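# Structural features, examined
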Amino acid sequence: MKSSFKKFTPVKHSQRGIMLLEGLIAILIFSFGILALVGMQAITVNHSGQTGYRLEASFLANKLIGKLWAETNARITLYENTKSEYISWFQPELDAHLPRNRSSATVTITPFAATTGINDFGAPIAVTGYNVNIQIQWRGPNEDISVPAHSYAVTTTIVRNP
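Because the structure is predicted, anything quoted here is derived from the model rather than measured. Counting of residues starts from 1 at the beginning of each chain's written sequence and follows it residue by residue. This being a predicted model, a pLDDT of at least 70 is required before a residue's local features are given, and a value of 80 or more before pairs of side-chain atoms are given or counted; all residues contribute to the totals for chains, interfaces and linings. Excluding hydrogens and water, the side-chain figures rest on all heavy atoms present in the structure.

Interhelical geometry of helix α1 (residues 18–70) versus helix α2 (residues 84–97) gives an angle of 160° and a closest axis separation of 10 Å. The pairing of α1 with α2 is recorded here as roughly antiparallel in orientation. For the crossing formed where α1 meets α2, the hand is right-handed. Here Glu56, Phe59, Leu60, Lys63, Leu64 and Lys67 of α1 lie close against α2, whose contacting residues are Trp89, Phe90, Glu93, Leu94 and His97. Partitioned by chemical class, the residues of the contact of α1 with α2 number 6 nonpolar, 1 polar and 4 charged. Think of each axis as a best-fit line through the C-alpha atoms, taken over the contacting stretch in the case of a helix, with angles from 0 to 180 degrees between the N-to-C directions. Secondary structure elements are defined from DSSP: runs of H or I of at least 4 residues count as helices, runs of E of at least 2 residues count as strands, and each element is numbered from the N terminus. Roughly parallel means an angle under 35 degrees; roughly antiparallel, over 145; roughly perpendicular, 65 to 115; everything else is oblique. Crossings are classed by handedness, with left-handed meaning an anticlockwise turn of the near helix from the far one by less than a right angle and right-handed meaning a clockwise turn. Whether two residues are in contact is decided by their heavy atoms: any pair within 4.5 Å suffices. In the scheme used here, Gly and all other residues not listed as nonpolar or charged are polar, with Ala, Val, Leu, Ile, Met, Phe, Trp, Tyr, Cys and Pro taken as nonpolar and Asp, Glu, Lys and Arg as charged.

Right, dumping it as structure tokens:
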């Protein structure tokens, strides 16, 4: 009796190169993962740079506020934009710590008069004060001019006793 089943022989021709194809697909998937990691690293470095600029802007604003506290009433408004102390002291500080020619600051100092408290004789105590608003803007060295500038703003009140 003869068997009607044929002897099974593996077909090698249709399987040829499949390992190479699997290897290439694995390398492609791995390459996309590496490119994603490189992209995330670039974004992290950019954000670190912007954090440094924000820290410098905060430092400069607080340095100016400290300088204003130390000034006399007659000289305090000289630190507004386009005035002498702003140009000679604050603008060079700005250029030294933030991207040169890509940063600016707006400093407004508004005086006000107020009375607060009562002295030992029952008379009101008159004080002078200044509302100070500082806004610092900058763009990173590689940022396009069409992108809105980064900004740091601080507002404070400086009150002087008579």
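Attention now goes to the nonpolar core. Nonpolar core, defined: a set of buried Ala, Val, Leu, Ile, Met, Phe, Trp, Tyr and Cys residues in which side-chain atoms within 4.5 Å join the residues together. Each residue is placed in one exposure class: buried if its accessible area under a 1.4 Å probe, protein chains only, is under 20% of its type's maximum, exposed if it is over 50%, and partly exposed if it falls in between. Ranked by size, the top nonpolar core spans 23 residues in total, and within it Leu64, Leu68, Phe90, Leu94, Ile134 and Ile136 carry the most contacts. By residue number, the principal contributor to this core is α1, which donates 6 residues. For isoleucine 134, the residues in contact, after removing those within four places along its chain, are Ala61, Leu64, Ile65, Thr106, Val107, Tyr152, Ala153 and Val154.

On to unusual backbone geometry. Notably, threonine 82 is not glycine yet its phi reads approximately 65°, a positive angle. Relative to the helices and strands, threonine 82 is located in the loop between α1 and α2. Here asparagine 101, not a glycine, exhibits a phi torsion of approximately 65°, which is positive.

Turning next to the side chain of arginine 139. Looking at where arginine 139 falls in the secondary structure, it is placed in the loop between β2 (124–138) and β3 (150–160). Here the positive residues are Lys and Arg and the negative ones are Asp and Glu; neither His nor the chain ends is included. One speaks of a salt bridge when a side-chain nitrogen belonging to Lys or Arg is within 4 Å of a carboxyl oxygen belonging to Asp or Glu. For the buried arginine 139, no salt bridge exists, and the shortest N-O distance to an oppositely charged side chain is 5.8 Å, to glutamate 143. Definition of a polar contact: a pair of N or O atoms within 3.5 Å, with one able to donate and the other able to accept a hydrogen when the atoms are protein atoms, and with sequence-neighbouring residues admitted only if both atoms are side-chain atoms. At 3.3 Å, the side chain of arginine 139 forms a polar contact with the backbone oxygen of isoleucine 145. Within polar-contact distance, the side chain of arginine 139 engages the backbone oxygen of valine 147 at 2.9 Å.

All right, on to the pattern of salt bridges then. Throughout the structure, instances matching the rule amount to 4 salt bridges. Between glutamate 85 and arginine 75 there is a salt bridge, and its shortest N-O distance comes to 3.1 Å. Separated by 10 residues along the polypeptide, glutamate 85 in helix α2 and arginine 75 in the loop between α1 and α2 bring together distant segments of the chain. Residue glutamate 85 is classed as buried on the basis of its relative accessible area, which comes to 17%. With relative accessibility at 31%, the residue arginine 75 sits in the partly exposed group. Residues lysine 83 and glutamate 80 are paired through a salt bridge, measuring 3.2 Å at the closest nitrogen-oxygen approach.

In this section: the confidence of the model for the protein. pLDDT: the predictor's confidence for each residue, scored from 0 to 100. On average, residues of the protein score 85 in pLDDT, and 88% of them reach the 70 mark or higher. Put simply, strand β1 (residues 103–118) is where the protein has its lowest mean pLDDT, 83, and β3 is where it has its highest, 91.

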